[in-house]
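Descriptive analysis of the structure
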Amino acid sequence: MILSVRRNRILMVLAITGLSISAVLGILLGLAVAGTVNIQKQSNFGNFKPALPSQVLDINGQLITEFFSDEKREIVSYNEVPKNLTNALLTREDQEFFNHNGFSFGGFSRAIVMILTGQFVSGGSTLTQQLAGSLYSDRSKITVGRKLEELWWAFQLEAKFSKQEILEQYMNNMSFGHTTYGVEAASKYFFRHSVRDLTPAEAAILVIQLVRPGLYSPIRNPNSARKIQEQILADMVHSGLLSQEASDKSFNAYWSRYDYQRDSLSTAFFDRKDKAPFFSEYIRNLVDENLLGPHDIYRDGLIIHTTLDLNMQKVADQVMSQGIADTNRKFHSSTETRGNVVDAEVSPLLDMLSLGFNLPDFRASATQYLREAKSVVTDQLSPTIDLTAKLFGLEEVQDAAVTAYQSVIDLSGKTNVEGALITLENSTGYIKAMVGGTQFDRLNQFNRAVQANIQPGSSFKPLYYSAAIDSKKFTPATMIMDAPTVFTKEDGTPYTPLNFKGEWVGPVLLRQALAHSMNVPSIQVLAGIGFDAAIERASLLLGISDPVQISNTFPRVFPLALGIIKTSPLRMARAYAVFANQGRAVDPVAILYIQDRNGTIISNPGADAAEAKRRKGAQVQLISPQTAYIMTNLLESTISEGTLAGSFYAPGTGGAIKGMEMAGKTGTTQNWSDAWTVGYSPYMTTAIWLGFDKPGNSLGLDNTGAVAAGPMWARYMKQVHLNLAPLRFPRPSTGLYSMNVDAETGLLPSGEPGEKVINEIFLDGTGPTEVSNMARFRQLRDQALANNIQGALDEIGGKDKPLDLNLTLYLNLDTAPASPQSPKLAN
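Definitions and limits used
- Throughout, a residue's number is its position along its own chain's written sequence, starting from 1.
- Per-residue local features are limited, in this predicted model, to residues with pLDDT of at least 70; the limit for side-chain atom pairs, both in listing and counting, is 80 or more; totals at the level of whole chains, interfaces and linings are taken over all residues.
- No hydrogens and no water enter the side-chain calculation; it runs on all heavy atoms of the structure.
- Only runs of H or I of at least four residues qualify as helices and only runs of E of at least two qualify as strands under DSSP, and these elements are numbered from the N terminus.
- Exposed residues in this analysis have more than 50% of their type's maximum accessible area, buried residues have under 20%, and partly exposed residues fall in between, with area computed by a 1.4 Å probe over protein chains only.
- Only heavy atoms matter for contacts: two residues are in contact if any of them lie within 4.5 Å across the pair.
- Here a cavity means grid points, on a 1 Å grid over the protein atoms only, where a 1.4 Å probe fits yet cannot get out; a pocket means an open set of points with protein on both sides within 12 Å along at least five of seven lines; lining residues are those with an atom within 4 Å of a point.
- Grid points are joined across faces, edges and corners, and a volume is the space filled by probe spheres set on the points.
- Residues are grouped as follows: Ala, Val, Leu, Ile, Met, Phe, Trp, Tyr, Cys and Pro are nonpolar; Asp, Glu, Lys and Arg are charged; every other residue, Gly included, is polar.
- Under the convention used throughout, the expected extent of a helix is 1.5 Å for every residue step, that is, one less than its residue count.
- Note: two strands are recorded as paired if DSSP finds a minimum of 2 bridges between them.
- Interaxial angles span 0 to 180 degrees and are taken between N-to-C directions of axes, which are lines fitted to C-alpha atoms, for helices over the stretch in contact.

With that out of the way, let us pick up the overall build of the chain. Looking only at helices and strands, the chain features 30 helices and 18 strands. Scored against the burial criterion, the 827 residues of the chain give a buried share of 53%. Taking all contacts inside the chain whose residues are at least 6 apart in sequence as the whole, residues at least 24 apart take part in 72%.

Shown next as structure tokens:
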């Protein structure tokens, strides 16, 4: 009986051996007859093109982030790989690599026996066969046919490439688990440094991942990985490839630094670094628009060169993070709407989930503010519930978690202050910095800098003020009445606007009215030029050309003057940049050019944008350089004396940069729900917004555009200009002139004692010709402030020739230009 069993085993081994020999002979014969033809048919053979992540680079070539899906890979050459990794790899996988031609008879026969007997496949294939299988075969099939196919391709690789080239392809192609492919990506993921700095212990950990990365992952199963690591190091010492001392030192150093708290469910994708996540997502969406034909941003290894400046982005992130946090603190401390609303609306759901999973730390009672509840739900509770629900099929529990989270999100949108920042280079439109909100994550990817539709408030005023300057009906020295005024709407109903805090100044010059953001004078300006001119200019500067969109965006009502339209920070920055760019159009550009993995430029959006602007010729000049300069000059007053003065020179924002001119405007919407500051230097334009994702709440008087957004804008602009040469805004050589005027009336100085004289700028032919009468001015001012405007009008109108034409013109006298939108003043 025993002899019979032995005889059968011997016959089986002989049969398998014969089968293997026959297979090898058959393959060799096939190669001799048809190998050359098959190679010619495989046009892609030898063209090693593994999936590579696409890199997003800033304007200085610094890496912002990478896009990849299931394969994170970085290519390195054979000479860059340390010797201890090559030794560990060959020790573990193929000790005869440099001596065989791609085929190991013993290993191949062992693999065939295991397949035929249904045993677990371990080893057997040479490194060349493993590479061939990865490149040209379906390794999910455990069949003899697949092994023969791999062997055939292994012979082709050995015939075409050197051993070093095969090793290089192997090290760059194989999977190392956690969505990493290739030794460089794996080393950076597991050890946080390049493969070039790999220690022997780290090299042993890497090569373990080639067989069963899930079982031997040092992150998921450190104890299992440690045992195999010790074995490989011992084999390397035994083979004379490593000294015992070096082995022990490396092993002990690795485990003394091991991080046992690292997330075991992490992958390279979610572990990736992104230095400008809102901008990166913006770029990802733009790539499809700029590439023709099939492409895969996650696998094609594109190199996307962008306009972003990471040095400026770092400043933007710091300023916005601190500013939003400060604004939230002031908001929650000064209103009744605190985060404890969780107790009434969200806590029952959180407590139910907490008790159901015995997680006392997740109780809603532990969260004092809504933003903390959001963090708890997002970062701690939701992942636990989601994983548990998926493992055990508890869909109801998952639905409850979604409901709880949505409740937190809904309340957060109304009670948590968000913010956005965008910076454009004036001359090119290059986007230099972008912040789309607070921390970017899988549940907060809404880019408020680009996608939000928000009322700009008073920051909208300069857009139509520029049309007023162009009309020559208004100049910086035009006097306008700031007093309680009733405007009659098209349907005959009254409209009575208010200034901030209900304060009135009386007659003011246009320069002061804009610098101090006075509402009634601004509506007077809108009424003076008419809705058509105001809307045409605003849409032009904002880059809105579609008639339907213009009609939907700009209502023909007097509150339009106060910025009740909805637009984005990007469009507002674009509009202001036109002033800074001497009236020329500024079209935002985010991508300079895109290269394929070989370095060939396949798309050139930056050059295309420049060429498109060149072809426009004179059409690129949206407003005259003279009007643009006057607007800049007016907006400089906002910083020197207006609503930005306190912010720009406030403690903690840094002193003004000597010789660097800046201009800007603040904005606060109705009920103080949004706070803006938009401004520029000769180099760049920046818009900052603060507010809520969902309407219905107020930031409060302590968080206006001047108080909240203004200091943030000042800090940011000063920091990003520190290393730039001071510049002044260029003044056109023609079409403008300056002259002295009375500081209160805007008319020619009278020479009276105590009269204050200022130097003002005008378009050619628009300066005052009448002499100021200060006694008359004071009388009119006192009557206006006493809310007796009509009496002032009667007094002036009773004269054959009014002395103060500048004042009467915009108090709607018969001498004023006729306009169907001119407001009617009430008693």
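The subject of this paragraph is empty space enclosed by the protein. Enumeration according to the criterion identifies four cavities of 30 Å³ or more in this entry. In this structure, the second largest cavity encloses a volume near 50 Å³. What lines the second largest cavity is F579, A580, Q582, P625, A628, Y629, T632, F729 and P730. Secondary structure elements with two or more residues in the lining of the second largest cavity: α23 (569–580) and α25 (625–640). The element best represented in the lining of the second largest cavity is α25, accounting for four residues. Its residues assigned to classes, the lining of the second largest cavity comprises seven nonpolar, two polar and no charged.

Another point: α25. In an α-helix, one turn spans 3.6 residues, which is why side chains three or four residues apart end up on the same side. Here α25 is 16 residues long and its end C-alpha atoms lie 22 Å apart, about the 22 Å a rise of 1.5 Å per residue gives. Counting buried positions over the 16 residues of α25 gives 14, a clear majority of the element.

The five strands lie next to each other as β2-β1-β5-β12-β13, forming an open sheet whose pairing is mixed. Edge strands, defined here as strands with exactly one partner in the open sheet, are β2 (63–67) and β13 (601–603). Each strand axis lies, on average, 25° off the axis of its neighbour in the sheet, ignoring direction. Taken together, the two bridges between strand β12 (residues 591–595) and β13 define a ladder with antiparallel strand orientation. Residue pairing across strands places Q595 opposite I601, the latter belonging to β13. Across the sheet, helix α12 (residues 277–290) is in contact with β1 (54–57), β2, β5 (303–306), β12 and β13; its angle to β2 comes to roughly 60°.

This part is about the sheet that holds strand β14 (residues 663–668). Taken together, the five strands give an open sheet; going across it, the order is β7-β6-β16-β15-β14, and neighbouring strands pair in antiparallel fashion. Of all the strands in the sheet, just β7 (431–435) and β14 have a single pairing partner and so form its edges. In this sheet, adjacent strand axes meet at a mean angle of 5° when their direction is disregarded. Both strand β6 (residues 418–425) and β7 contribute to a ladder of four bridges, which runs antiparallel. Note that in β7 the partner of T423 across the bridge is A433.

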